[in-house]
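Chains, contacts and geometry: an overview
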Amino acid sequence: MKRVLILCDLFPPAFAPRMGYLCKYMKRAGWQPVVVTEEILENMFAFLANNVPVTYIRYFHLQHTFLRKIEWMTIFLLDFFFHYKDRKMAKVANKLLQKENFDAVLCCTYRTFPLPAALHVAKKHHLPLIADLRDIIEQYAGNEYISKPFHSFRWLDKLIVRIYRRHLLRNRNRVLREATCVTTVSPWHVQTLASYNPKVRLIYNGYDPELFYPEHPKTSRFLLTYTGRILSLGIRDPRPLFEAVRKLDEEKHIDPQQFCMVWYIDEHSRCLLEQEARIYHVENYMEYHPYVDADKIPDILHHSSILLQIANKCDDKGPKGIMSTKLFEAMATEKPLLCVRSDESYLEQTIRETRTGTSARTAEEAYRFIKEQYQIWKQQGFTSVVPNREAVERFSRSKQAEQFMRLITELTNNELKKD
């Protein structure tokens, strides 16, 4: 039995399920993953929690709004200048490593923390380090990777962001150069990170086959469904979709009684959508819901007619290499998938290879696809696709866990040969 110490910025029940699913299938294979992570007060993936030993480190304690802001700024400054969060996590991880033997350290992050902590403990205990980056700063169209705006003067905000970005990248890249191996989530990410460490492996995000599978109940309404966030229009641009729906409405092909765009989103995303929907005069076709627990998503997808992937063109000013979990979960349900606007890159290529829908570069392409699926729905009461199932199955979480386990076995065997 192999034992793996996993350090990550997020772990269930909080958002970002990549490590949660990995632990689920590692444990089934007889491996023992042990997790150290920051405590985040979210409960979206509760069904993935409590499967493996987890140490949650709480960095923030205050509840009062004003005092919490002071606490957040204090910890931000301590972390920026003294690596406070990484030092605290490394201390906890070292105690675990002193008690029990492990075969490898795996660190998963979307930005930088806790990569420095992982490197410290891996070097101290002579273990291979796998740095798993599910998102990177360079993929964003702007500063969407910053979770909290600084709210000072505009010119000062720009300066702070520039300094902070440089700080994050310097610390991240230092760890990547020393990591035994790097894993990441798209071919674009592989190409980008290979400049820091040539030993980069591609392990996509994916879907859990026990939760996401084909099911096609008849529905009383034609629903275009989106679950997730829209951080900015630069990353995810719904305007070609709204233009297509407006044209369908003007030509009397649809009406709000039967046709609806359903959004399971946060408040920031809703504000962006409401503003654009008013501009395109499609607000009567919009229906908003807050986030739901992740285990409720499969049923929502099964009762949908088209599953939306809101994206944007991949270029210097746009998003790059973003292939989110919801893409693969949509594919697994065998519902028609509409990516709009197309990234004209790996998203479009993957949708085409799996034969799961269309990636619309223009509003006209989106219009034709929606109109076609709407006619099918009116005839049979549901929609479906016949995908390339072999292509879809390679995105299964169980197969990705196998990739991680093969990699860890390979690295630990190499370490034994060195000894």
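Look a little higher up for the structure.
Not measured: the values here are computed from a predicted model.

What follows is about the sheet that holds strand 3 (residues 54-57). One open sheet holds the seven strands; their spatial order is 3-2-1-4-5-6-7, and the pairing between them is parallel. Bordering the open sheet on either side are strand 3 and strand 7 (200-202), each of which pairs with just one other strand. For this sheet the average axis-to-axis angle between neighbouring strands, irrespective of direction, equals 20°. Relative to strand 5 (residues 129-133), strand 4 (residues 104-109) runs parallel, the two being bridged by five bridges. Paired with Val-105 across the strands is Leu-129, a residue of strand 5. Sitting on the sheet, helix 3 (residues 84-99) touches strand 1 (3-8), strand 2 (32-38) and strand 3, and the angle it makes with strand 2 is about 155°. Its contacts with the sheet put helix 4 (residues 115-124) on strand 1, strand 4 and strand 5, and the angle it makes with strand 4 is roughly 175°.

The next subject is the environment of Leu-202. Its location among the elements puts Leu-202 in strand 7. When its relative accessible area of 28% is taken as the criterion, Leu-202 is described as partly exposed. The spatial distance from the C-alpha of Leu-202 to the C-alpha of His-189 is 8.4 Å, given a sequence separation of 13 residues. Residues within four places of Leu-202 in sequence aside, it is in contact with Thr-184, Val-185, Ser-186, Pro-187, Val-190 and Gln-403.

Counting buried positions over the six residues of strand 1 gives six, a clear majority of the element. Residue alternation in strand 1 divides its side chains into two sets, Arg-3, Leu-5 and Leu-7 and Val-4, Ile-6 and Cys-8, and both sets are buried. Bridge analysis of strand 1 against strand 2 gives six bridges, and the strand direction is parallel. When the bridges of strand 2 are listed, Arg-3 appears paired with Gln-32.

Parameters and conventions
- Residues numbered from 1 in each chain as written.
- Predicted model: local features only at pLDDT ≥ 70, side-chain atom pairs only at ≥ 80, totals over all residues.
- Heavy atoms only, no water.
- Pairing = 2+ DSSP bridges.
- Helix = DSSP H or I, 4+ residues; strand = E, 2+ residues; numbered from the N terminus.
- Axes fitted to C-alpha atoms, helices over the stretch in contact; angles between N-to-C directions.
- Contact = heavy atoms within 4.5 Å.
- Buried < 20%, exposed > 50% of the residue type's maximum accessible area, 1.4 Å probe, protein only.

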